[in-house]
Every structure is written in C-alpha cells, then in structure tokens.
Amino acid sequence: MTNDVPANADLGLLLQHQPHLISGMFDSIAARYDGLDSLLSAGLDDHWRAELIKELGPIEGADVLDLCAGTGEVTLSLVHAGARSVTGVDFAPQMLRIAYHKAHREGLDGIRFICADALHAPVRSTSMDAVTMAFGLRNVVDPAAAVAEIHRVLRPGGRLAILELSHPSHVVAGPFRAYFEHVMPMIGRLVSHNPEAYRYLPESVDAFPSPDRVVGIIATAGFADVRARAFSQGVAHCYTARKL
Ligand SMILES: C[S@@+](CC[C@H](N)C(=O)[O-])C[C@H]1O[C@@H](n2cnc3c(N)ncnc32)[C@H](O)[C@@H]1O
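Residues numbered from 1 in each chain as written. Predicted model: local features only at pLDDT ≥ 70, side-chain atom pairs only at ≥ 80, totals over all residues. Heavy atoms only, no water.

**Describing the pairing of strand E1 (residues 63–67)**
Part 1 of the argument: E1 sits mainly inside the fold: 5 of its 5 residues count as buried.
Part 2 of the argument: Neither face of E1 is exposed, since Asp 63, Leu 65 and Leu 67 on one face and Val 64 and Asp 66 on the opposite face are all buried.
Part 3 of the argument: Note: E1 against strand E2 (residues 85–90), 5 bridges, orientation parallel. Bridge pairing links Val 64 to Val 86 in E2.
Part 4 of the argument: Following the chain from E1 across helix H4 (residues 73–80) to the adjacent parallel E2, one finds a crossover that is right-handed.
Part 5 of the argument: Bridging between E1 and strand E4 (residues 128–134) involves 4 bridges; their strand directions are parallel. If you follow Leu 65 over to E4, its bridge partner there is Val 131. (Buried < 20%, exposed > 50% of the residue type's maximum accessible area, 1.4 Å probe, protein only. Helix = DSSP H or I, 4+ residues; strand = E, 2+ residues; numbered from the N terminus. Pairing = 2+ DSSP bridges. Right-handed = clockwise from strand over helix to strand, strands pointing away.)

Structure representation (structure tokens):
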C-alpha cells in the first residue's frame, strides 16, 4: 500500500479519518509543514504552542508524552521546559524524521520518538506525569478514544494539555472564514505539493466538536479540573485537565 495521497484524493475519505490517508497526507507535506504552518497562521502557531506549555504548568523532572508530535515543535519545547523524559509519538514517519533531525541538531538526543498510532500508544499505563497533543485531536478517528488513551498512560494527578483549532468568536468569524476557506487553500495549493491537505484543514475544523463538547469528552474520560481557554478570539483552544 502506498502512503502517497494523490492530488485528487477524495476529501470525503480523508475526513473519514482513514489512518493511512491521514499519515500519508502529513508525510507528503512534512518537508514544508513548519514553514507553511507559520506562514498560514501568521506566526500564531508558535505563540499558541508556547501558551500550551505554560497552561500545562511546571514540568521540571516530569515524564511527558507528546502525542501527534509531528515535526516535534512541542516535543522539543518540553525538553527545554525541564522535563525529565520526553516521548514523541506520531504515525507519519516523514514528520517524525524531521522532528528527530531537529532534536539531533539541538543536541537533544534523549527524546524517544515512536512511530505509532496515538490511539494505541506503545507506552506503559500510568507511566507519564503529563501528556500534550497539539493540533492532533482533530485528525484522529475517534477523539474520545484518544482522550481515554491519554487517561490510561497518565499517573494519578497527571495533567493533559490539548491544543486544537476551533471556530472563532463572532467578532472575527467572517474574515476568518474567508481566509480559512479561500486564501489558505490557495496558498496551500501554490506552496505545498499537496493542495488536498489545505482543503482538508478547514473541513476538518468544521467537522470537529465545539469546545464545549471537547470539554465534555475530556470530563467523560474521567478527568477533573477540565478547562478550555480560547486563544486569538477562539481561533484555537487549549484544553487542560488533571487525572484523579
Ligand atoms: C497538524 S500536525 C501537528 C503536529 C505537531 N503536534 C505540531 O504542533 O505541529 C498533526 C499530526 O498528527 C499526526 N497524527 C494524526 N493522527 C494520528 C494518529 N492517529 N496517531 C498518531 N499521529 C497522528 C499526523 O501525522 C501529524 O503529524
């Protein structure tokens, strides 16, 4: 089976979250992912990731798992924030390859990168103090199963921080929608070699549960102190919670 997503890939199939199509799509844009992410979000992506780490709270000496690690932007920051051990899991090998090279360049050779499905992370139960997931929950087949998996790997008292795109407040909703639905796919089409990936982005945000429902999913999985904080007028939300 090939992992390449042809330019005319069926968006409907991608939106059904067929794992090999999703990982193939990310692999096909891996080399351009960081640059395009910054360009398309006008640099907000890095700001949100930094806020995610702050929202997680102190992690000095903690064992931390970064799910849907991608090119390692959050993964590497966790080491800089003082984590004792950091594991990054992603099922797209080309995304992880870039993360691995970045870590190596920065001399962060202790990070464990694992190519695996976030819904079945090869990580022992109750072995982590904290779990992060940035822009990953929207892509998994079953967000509730992903949150249950996070609950499984956390120690009692362990914390989660999930960052995900959402629909912004009324104030910016109109311009945002125009940008998201027209400008962003156009830039994606011109710059990336996979225009489907940048059509998938707005569609996947549309299909993703509202922040209230995400809070419900996290609470139902057995987490306490579930909070959602809106970033940039609600263009993204950071969800935090604690395992009892
Ligand atoms: C939008 S990228 C985000 C990457 C990174 N966290 C960041 O902040 O840039 C989403 C990543 O989630 C990964 N992903 C999606 N579904 C996954 C799954 N079920 N298991 C593992 N990784 C998954 C993709 O391969 C991709 O690298």
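**Concerning the environment of Tyr 100**
Part 1 of the argument: The topology assignment puts Tyr 100 in helix H5 (residues 93–105).
Part 2 of the argument: In this structure the C-alpha to C-alpha distance between Tyr 100 and Gly 88, which are 12 residues apart in sequence, comes to 9.6 Å.

**A few points about the nonpolar core**
Part 1 of the argument: Of all hydrophobic cores here, the largest spans 47 residues; its most connected members are Phe 26, Trp 48, Ile 59, Leu 78, Leu 163 and Leu 165.
Part 2 of the argument: In this structure, Leu 119, Met 128, Leu 137 and Tyr 239 belong to the second largest nonpolar core, which totals 27 residues. (Core = buried A, V, L, I, M, F, W, Y, C linked by side-chain atoms within 4.5 Å.)

**Some points on the UniProt feature "binding site: S-adenosyl-L-methionine" (unreviewed entry) in the protein chain**
Part 1 of the argument: UniProt tags Thr 71, Asp 90, Asp 117 and Ala 118 as "binding site: S-adenosyl-L-methionine" (unreviewed entry).
Part 2 of the argument: Within the secondary structure, Thr 71 is located in the loop between E1 and H4.
Part 3 of the argument: Overall, the relative accessible area of 2% leaves Thr 71 in the buried class.
Part 4 of the argument: Residue contacts for Thr 71: discarding those within four places in its chain leaves Ala 30, Tyr 33, Asp 34, Met 95, Ile 98, Ala 99 and Lys 102.
Part 5 of the argument: Engagement of the side chain of Thr 71 in a polar contact is seen with the side chain of Asp 34, the distance being 2.6 Å.
Part 6 of the argument: For Asp 117, the position within the fold is in the loop between strand E3 (112–115) and E4. (UniProt positions renumbered as here; feature names shortened; annotations may be inferred. Contact = heavy atoms within 4.5 Å. Polar contact = N/O pair within 3.5 Å; in protein donor to acceptor, adjacent residues only side chain to side chain.)

**Let's talk about unusual backbone geometry**
Part 1 of the argument: Backbone geometry at Cys 68 places phi at a positive 55°, although glycine is not the residue there.
Part 2 of the argument: Following the sequence through the fold, Cys 68 ends up in the loop between E1 and H4.
Part 3 of the argument: Of note, the phi angle at Gln 233 is positive, near 60°, even though the residue is not glycine.
Part 4 of the argument: Tracing the chain through its elements places Gln 233 in the loop between strand E6 (223–231) and strand E7 (236–243).

**Looking at the sheet that holds E4**
Part 1 of the argument: With mixed pairing, 7 strands are arranged side by side in an open sheet as E3-E2-E1-E4-E5-E7-E6. The open sheet has two edge strands with one neighbour each: E3 and E6. Across the sheet, the mean angle separating the axes of adjacent strands is 15° when strand polarity is ignored.
Part 2 of the argument: On the sheet, H5 packs against E2 and E3 and is oriented at approximately 170° with respect to E3. (Axes fitted to C-alpha atoms, helices over the stretch in contact; angles between N-to-C directions.)

**Comments concerning the pattern of salt bridges**
Part 1 of the argument: Tallying each qualifying case throughout the model produces 17 salt bridges.
Part 2 of the argument: Residues Glu 55 and Arg 227 are paired through a salt bridge, measuring 2.9 Å at the closest nitrogen-oxygen approach. With a gap of 172 residues between them, Glu 55 in helix H3 (residues 44–56) and Arg 227 in strand E6 connect regions that are remote in the sequence.
Part 3 of the argument: With a shortest N-O distance of 2.7 Å, Asp 63 and Arg 84 are connected by a salt bridge. Note that Asp 63 is positioned in strand E1 and Arg 84 in the loop between H4 and E2, a separation of 21 residues in sequence.
Part 4 of the argument: The structure contains a network of salt bridges with shared partners spanning Glu 51, Lys 54, Glu 55, Arg 227 and Arg 229. (Salt bridge = Lys/Arg side-chain N within 4 Å of Asp/Glu carboxyl O.)

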